[in-house]
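So you can see what is in the structure, the chains are spelled out below.
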Amino acid sequence: MANAIINVTNLRLRTFIGFNPDEREKKQDVVINLEIHYPADDACKTDEVDQALNYKVITKEVISLVEQGHFLLLEKLVAEILAVCHSHPSVHYAKARVDKPHALRFADSVSLTLDWAK
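Residues numbered from 1 in each chain as written. Predicted model: local features only at pLDDT ≥ 70, side-chain atom pairs only at ≥ 80, totals over all residues. Heavy atoms only, no water.

Draft legend 1. Representation of the sheet that holds strand 5 (residues 109-117) in the model. Taken together, 5 strands build an open sheet; the order of strands is 3-1-2-4-5 and the sheet is mixed. In this open sheet, the two strands that pair with only one neighbour each are strand 3 (70-71) and strand 5. Bridge count for strand 4 (residues 93-101) against strand 5 is 9 bridges, and the pairing is antiparallel. Of the residues in strand 5, the one forming a bridge with alanine 94 is tryptophan 116. Packing of helix 3 (residues 55-68) onto the sheet brings it into contact with strand 1 (3-17), strand 2 (28-39) and strand 3, and relative to strand 1 it is tilted by some 20°. (Pairing = 2+ DSSP bridges. Helix = DSSP H or I, 4+ residues; strand = E, 2+ residues; numbered from the N terminus. Contact = heavy atoms within 4.5 Å. Axes fitted to C-alpha atoms, helices over the stretch in contact; angles between N-to-C directions.)

In structure tokens, the structure reads:
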């Protein structure tokens, strides 16, 4: 079985994230990384587009979710992104990581990672 792994790296978006008053009033930068596994036997054999997982569709769904959302916690944001990834029937494993740059004064970012397996 050919197991394909799609990686979406450093998707930079803005959303409302956090529970402090200033965080609830203005969007902040987030950096999203996705890892999505699916069986690619048919796509490898046939070279047919409809046999592959369309990462552009998933990415557009994630962009819409993040840019239109309001989240108090990174946990909720990452869980909803992960749900978009594994809502596609052929996905059997997915991992999502969201970095929140500038969350801590002396750190590059704070991140949270969740994964899901069928």
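Draft legend 2. Up close: a nonpolar patch on the surface. Taken together, the side chains of Phe19, Leu72 and Leu73 make up a nonpolar region of the molecular surface, amounting to roughly 310 Å² of accessible area. A residue is classified by how much of its surface remains accessible, and phenylalanine 19, at 55% relative accessible area, is exposed. (Patch = residues over 30% accessible without salt bridge, like charges linked within 9 Å, V, L, I, M, F, W, Y side chains within 5 Å. Areas by Shrake-Rupley, 256 points an atom, 1.4 Å probe, with all protein chains shown as cover. Salt bridge = Lys/Arg side-chain N within 4 Å of Asp/Glu carboxyl O. Buried < 20%, exposed > 50% of the residue type's maximum accessible area, 1.4 Å probe, protein only.)

Draft legend 3. View of the UniProt feature "domain: Dihydroneopterin aldolase/epimerase" (unreviewed entry) in the protein chain. Feature annotation in UniProt assigns "domain: Dihydroneopterin aldolase/epimerase" (unreviewed entry) to the following positions: residues 6-116. Along residues 6-116 one finds 34% helix and 39% strand; the C-alpha atoms at either end are 15 Å apart. (UniProt positions renumbered as here; feature names shortened; annotations may be inferred.)

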